[in-house]
Amino acid sequence: MRRSCFHSPRVRLVLLGVLLMTATARAQETTNGPPLESTRAPEDRETAFVLPRLIAPIVLDGPSDEAAWEAIAPLPMTMFEPLFGGQKTERTEIRIAYDDHYVYVAGRLYDSDPAGLRGNSLYRDRYSGDDVFSILLDTFDDNENALWFFTNPNGVRFDMAVSNDANFTGGGSPFGGVVNNSWNTFWDVATVRTDEGWFAEMRIPFSSLGFQDDAGRVEMGVIAYRLISRKNERHIYPAIPPNWSMAFGKPSQAQPIVLEGVYSQKPLYVTPYVLGGAGHSAQLNNAETAYDRLNDTTTEAGFDIKYNLTSNLTLDLTANTDFAQAEADDQQVNLTRFSLFFPEKRQFFQQRAGIFEFSTGGSSRLFHSRRIGLDDDGNPVRIYGGTRLVGRLGNWDVGLLDMQTAKVEDQPAENFGVLRLRRNVFNENSYAGGIVTSRLGADGSYNIATGLDGIFRVTGDEYLTVQWAQTFDDDVIENDAFDLAETALLRATWTRRRQEGFNYNISLTRSGSDYNPGVGFIRRNGFTRLGGWTAYGWFPGETSRFRQVTPSLEASVFFRNDLLGDGLNRAIESASIGHDWQLEFKSGDNLFVGPEVVVEDLVEPLDLPDAATVPAGRYTFSTFRVFYFMHDGRLLRANASAEAGTFYDGRRLEISFAPTWNASRHLELSAEYLGNFVRFPDRDQRFDVHLVRLRTQAALNTKLSTNFFIQYNSAADVISANARFRYNFREGNDLWIVYNEGLNANRHRETPFLPFTDTRTILLKYTHTFGL
């Protein structure tokens, strides 16, 4: 007899684990310790910078003109781009200090043309080509993770979390999946503009930072920079060379700093919410002759609790979890035989999400939080509640998540669990760890996945990554043909992590035919893949129009495991080889050009829009690609791309155009068009697919903002609209009004005719955070 997940000991084990880890962490905490005298910031990373203490209170108003700031020496800044080590065109002074409760950062950002300052956004966490004043803190001092705080001349707060030492993992996520731009915490900023430039002050509570103190001594890493957007000019401390992608955000290159007399703080935040709304949807009647309109009203209430068990271990509890204010997913067009990947946008799952990262190549991963609280079509499933524990215990990074969802139609109530552990090994840039995920259904169904991984810095910029994952699914285990090898994934990757000079990546992956992480995402299984890329990047110098030039070559081949015995050629499922030139201009514009050849072996027909079908068989086709991205420091800018070539036994043209206009700091208008034009002349089949996105971001000030998002997808014949109004009373206290509507663009594509309006909802939500 199968046992329901509701009667499992999981909850008792989670609570016991929390108590044990809390007791261990508290045993490691100590007190006292005299403060050190402050020193001037060193010019090199080999010497730790003893951060100076403020000698008197300051007023957070922007100018940093108090005597306490005058006692702090500014950091020695270096031009990072467009020419590393070049002559800075504007004066930049950045100072960092602290007291018992806060880290303070002051920027005097002089500008000879104050009218040219870019303050395009008043919208929280929405960067739009602005000038930037930023600090990045590696609070665990682990050279791997960091918290990123920055602001613009309007005083808008931006905060993000960095993982994997800012080395891109791919997967279609922003910043290559290594920067979580939905992470938020409590902190304050003030800015002011004058005829000399702009000035900013940040105040970041220690309670918002995870760190380890040893008798009041705290070691971290810091990176500070200023970006002059219209010039694509960045001044940075320490003097990090542009040898790596996103080098200005790499925790491993941060300046070591020391703080004295800082002790853990354990605030408790309780955030209840109330929600109400109404809407209607269309449902086919029992006779299947017409659609009936179903009206519905909604009232909900719930809460989140956040408590710092220690200075570097945070417990979150949530009840009746709601994500009404999350932005709608971008519509996508699928011209492949594989599933589409949609990134996570719900804030609860974004908090310190990097600790749960277990990427197995591209968008595939052992844990993908979108599997929780959403069905396969992206529709919400009620989450009764759950708990999350993230942070560090001694040398271990710890992530624990447990969530319970409700029953929906044929989908049973389910419990989702994740435990992630990892730690430094061998050297400060090497890690090893493991992960366990579980998905337990009230009907007795289950899916368990386990994994071990290691990232090892072998020498210099040479890194070896090894991964093993194993899944256990009740449907597979009850099959007499169950084979451990067919439910496993093995992957090894050797990479030279460098942007300048010769760099490369080679990877070998084997996935069993029954490998299926129930709380993860995979595009395919039952394959062996060999792939890699090589590139050579150089910086032409001061007299060139180009900041960097990088030619590259990338290739991969997927073999079907069950056909490898018949020879490699017969076993090929997919293969590709492509060559690109990336030209980065000193203005910040980027140009990519190059050809690609693809091989696809279809064992069954591929269905495409407008009843077009590609018959089973092996196809070789090629395309030539051109992409141009304008620097986002321009008030009016656009990105454009074009791909043309053969497509299976036909031909395809794909074009995209995405303009953005910052009409003022109060209004940003943007649009995106993606068109695919496919022809199969031998079979007299053709289709055109159009995808249009229109966005408007408007803000009266940093508290009151609106966001409108309209999409049209011709492949699905749908128009969707998402509008969000937000009033931020203060951090943690928000009023949201959210409107969603789905329209059928072609009512006559089905019988009976579809209604013009498929769904419509309007919701009002209020959250209020109490600090205890």
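Coordinates for the structure precede this section.
Residues numbered from 1 in each chain as written. Predicted model: local features only at pLDDT ≥ 70, side-chain atom pairs only at ≥ 80, totals over all residues. Heavy atoms only, no water.

Moving on, we get to the nonpolar core. Formed by 35 residues in total, the largest nonpolar core has its most connected members in I135, F149, L209 and L259. Put simply, the parts of the chain that give this core at least two residues each are strand 3 (92-98), strand 4 (102-110), strand 5 (132-138), strand 6 (146-151), strand 10 (197-205), strand 12 (217-228) and strand 14 (255-259). Ignoring anything within four residues of it in the chain, the contact list for I135 reads I96, V105, L147, W148, F149, M202, I204, V222, I223 and A224. Counting 25 residues, the second-largest nonpolar core is a separate cluster that includes V156, V162, V179 and F248. (Core = buried A, V, L, I, M, F, W, Y, C linked by side-chain atoms within 4.5 Å. Buried < 20%, exposed > 50% of the residue type's maximum accessible area, 1.4 Å probe, protein only. Helix = DSSP H or I, 4+ residues; strand = E, 2+ residues; numbered from the N terminus. Contact = heavy atoms within 4.5 Å.)

For the rest of this paragraph, the subject is the pattern of salt bridges. All chains considered together, the criterion is met by 54 salt bridges. Linking R203 and D188 is a salt bridge whose minimum nitrogen-to-oxygen distance equals 3.3 Å. One end of the pair, R203, is in strand 10; the other, D188, is in strand 9 (residues 188-194), and 15 residues separate them in sequence. Across the salt bridge formed by E596 and R625, the nearest N and O atoms sit 3.4 Å from each other. Residue E596 is located in strand 29 (residues 590-602), and its partner R625 is located in strand 32 (residues 617-629); the two are separated by 29 residues in the primary sequence. Look at R625 and you get buried, because its relative accessible area is 12%. Taken together, the shared-partner salt bridges connect R126, E327, D330, K345, R695 and R724 into one network. (Salt bridge = Lys/Arg side-chain N within 4 Å of Asp/Glu carboxyl O.)

With that settled, the discussion passes to the packing of aromatic side chains. Here the structure, examined in full by the defined rule, presents 34 aromatic pairs. Between Y110 and F199, the ring centres sit 5.4 Å apart and the planes meet at 90 degrees, which makes this aromatic pair edge-to-face. Linking Y110 in strand 4 with F199 in strand 10, this pair joins segments that are 89 residues apart in sequence. Here the two residues Y110 and F199 agree in accessibility, since each one is buried. Ring centres 4.7 Å apart and planes at 75 degrees place the aromatic pair Y727 and F729 in the edge-to-face group. Exposure remark for F729: the relative accessible area of 39% places this residue in the partly exposed category. (Phe/Tyr/Trp six-rings, centres within 6.5 Å; stacked < 30°, edge-to-face > 60°.)

Here we take up the side chain of E643. If you trace the backbone, E643 turns up in strand 33 (residues 636-647). For E643, a relative accessible area of 14% gives the class buried. With near-sequence residues (within four places) excluded, E643 lies in contact with T623, F624, R625, F627, R652, L653 and E654.

Position of T493 among the secondary structure elements: in strand 24 (residues 488-496). Taking relative accessible area as the criterion, T493 reaches 6% and is therefore assigned buried. At 3.2 Å, the side chain of T493 forms a polar contact with the side chain of S507. With sequence-adjacent residues up to four places away left out, T493 is seen in contact with Y463, L464, T465, N505, I506 and S507. (Polar contact = N/O pair within 3.5 Å; in protein donor to acceptor, adjacent residues only side chain to side chain.)

It is worth spelling out the sheet that holds strand 9 at this point. The strand order across the open sheet formed by 4 strands is 3-4-10-9, and the pairing between neighbours is antiparallel. A strand with exactly one partner marks an edge of an open sheet, and here the two such strands are strand 3 and strand 9. Neighbour to neighbour, the strand axes of the sheet diverge by 10 degrees on average, direction disregarded. Of the strand pairs in this sheet, strand 4 and strand 10 are connected by 9 bridges, and their pairing is antiparallel. (Pairing = 2+ DSSP bridges. Axes fitted to C-alpha atoms, helices over the stretch in contact; angles between N-to-C directions.)

The next subject is a nonpolar patch on the surface. Taken together, the side chains of V458, W494, I506, L508 and L530 present a nonpolar region at the surface, about 440 Å² in accessible area. Structurally, V458 can be placed in strand 22 (residues 446-459). Overall, V458 belongs to the partly exposed group, its relative accessible area being 46%. (Patch = residues over 30% accessible without salt bridge, like charges linked within 9 Å, V, L, I, M, F, W, Y side chains within 5 Å. Areas by Shrake-Rupley, 256 points an atom, 1.4 Å probe, with all protein chains shown as cover.)

With that out of the way, let us pick up unusual backbone geometry. A cis amide bond links Y237 with the next residue in sequence, P238, at an omega value of -5 degrees. Relative to the helices and strands, P238 is located in the loop between strand 13 (233-237) and strand 14. In this model, T751 is joined to P752 through a cis peptide bond whose omega is 0 degrees. As for its position among the elements, P752 is in the loop between strand 39 (733-744) and strand 40 (757-767).

Bear in mind that shape data such as this cannot, by itself, settle questions of function.
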